[in-house]
Amino acid sequence: MAKTSSVFRNLKRAKMAEKFAARRCKLKEIVMDKSISPEERFQATLKLAELPRNSAKIRFRNRCKLTGRSRGVYGKFGLGRSKLRDMAASGEIPGLVKSSW
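Residues numbered from 1 in each chain as written. Predicted model: local features only at pLDDT ≥ 70, side-chain atom pairs only at ≥ 80, totals over all residues. Heavy atoms only, no water.

Colleague: How should the overall build of the protein chain be read in this particular structure?
Modeller: Looking only at helices and strands, one finds 3 helices and 2 strands in the protein chain. Helices and strands in the protein chain line up, N terminus first, as α-α-β-β-α. Since a compact globule built from 101 residues should have a radius of gyration of about 13 Å, the 20 Å found for the protein chain marks it as more spread out than a globular shape. Along the longest, intermediate and shortest principal axes, the C-alpha atoms of the protein chain span 60 × 35 × 15 Å. The burial tally for the protein chain puts 26% of its 101 residues in the buried class. Here the contacts in the protein chain between residues at least 6 apart in sequence split such that 39% fall between residues at least 24 apart. Total accessible area on the protein chain stands at roughly 8200 Å², and carbon and sulfur atoms take up 55% of it. Side-chain charges of the protein chain comprise 26 positive and 8 negative groups, with the mean position of each set lying 12 Å from the other. (Helix = DSSP H or I, 4+ residues; strand = E, 2+ residues; numbered from the N terminus. Rg over C-alpha atoms; globule rule 2.2 N^0.38 Å. Buried < 20%, exposed > 50% of the residue type's maximum accessible area, 1.4 Å probe, protein only. Contact = heavy atoms within 4.5 Å. Areas by Shrake-Rupley, 256 points an atom, 1.4 Å probe, with all protein chains shown as cover. Lys, Arg positive; Asp, Glu negative; His and termini not counted. Charge placed at Lys NZ, Arg CZ, Asp CG, Glu CD.)

Colleague: Quick question: what am I supposed to make of helix α1 (residues 4–32) here?
Modeller: Along an α-helix, residues three or four positions apart point the same way, because every turn accommodates 3.6 residues. Taking the largest bend as the criterion, α1 deviates by roughly 50°, centred on F20. Where the residues of α1 are buried, they touch α2 (38–50). (Bend = angle between axes of the 7 residues up to and from the residue.)

Colleague: I'm lost on the packing of α1 against α2 in this one. Help?
Modeller: Relative to each other, α1 and α2 sit at 150°, their axes nearing to 8 Å. One finds that α1 runs roughly antiparallel with respect to α2. Here α1 and α2 pass one another in a crossing that is left-handed. Only E40, R41, A44, T45, K47 and L48 of α2 make contact with α1, whose side of the interface consists of R24, L27, K28, I30 and V31. The residue makeup of the contact of α1 with α2, split by class, is 5 nonpolar, 1 polar and 5 charged. (Axes fitted to C-alpha atoms, helices over the stretch in contact; angles between N-to-C directions. Parallel < 35°, antiparallel > 145°, perpendicular 65-115°, else oblique. Left-handed = near helix turned anticlockwise from the far one by under 90°. Nonpolar A, V, L, I, M, F, W, Y, C, P; charged D, E, K, R; others polar.)

Colleague: Would you take a moment to explain the side chain of R63 for this structure?
Modeller: By the secondary structure assignment, R63 is in the loop between α2 and β1 (73–74). Buried within the structure, R63 lacks any salt-bridge partner; its nearest side chain of opposite charge belongs to E18, at an N-O separation of 16 Å. For R63, the contacting residues outside a window of four places in its chain are A2, S6, V7, N10, G68, R69, S70, V73 and G78. (Salt bridge = Lys/Arg side-chain N within 4 Å of Asp/Glu carboxyl O.)

Colleague: Is there a simple way to explain the environment of M16 in this structure?
Modeller: Along the chain, M16 falls in helix α1. Between the alpha carbons of M16 and A56 there is a distance of 8.1 Å; along the sequence they are 40 residues apart. Excluding residues that lie within four positions of it along the chain, M16 makes contacts with P52, N54 and S55.

Colleague: For this particular structure, what's the right way to read the side chain of S55?
Modeller: Relative to the helices and strands, S55 resides in the loop between α2 and β1. A polar atom in the side chain of S55 sits 2.5 Å from the backbone oxygen of P52. Apart from the residues lying within four places of it in its own chain, the contact partners of S55 are M16, A17, F20 and R24. (Polar contact = N/O pair within 3.5 Å; in protein donor to acceptor, adjacent residues only side chain to side chain.)

Colleague: Just checking my understanding: could you explain a positive patch on the surface for this structure?
Modeller: Residues R61, R69, R71 and R81 make up a contiguous surface patch of positive charge. For R81, the location among the structural elements is in helix α3 (residues 81–89). (Patch = residues over 30% accessible without salt bridge, like charges linked within 9 Å, V, L, I, M, F, W, Y side chains within 5 Å.)

Next comes the structure, spelled out in structure tokens:
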């Protein structure tokens, strides 16, 4: 089980990324638009840098929904590899079977 502080910090980052997503997207469009004057683009870059770091979507970590494990997480299921294997073996995930050949 991961530290609860790590899990809650990650949830806080997810909320903040959602809150600032529209503002960041708008500023990024201005920065990437080559037809806008360099001064305006530079001002947009400065405003983008003023936003909180945790508002960037890239800082959000994909974690297991049950244990909070940060590595070996299958995004499709939202579970860590060990929990995915346990649940698949007990038949709790419909349509998922262990491969055998």
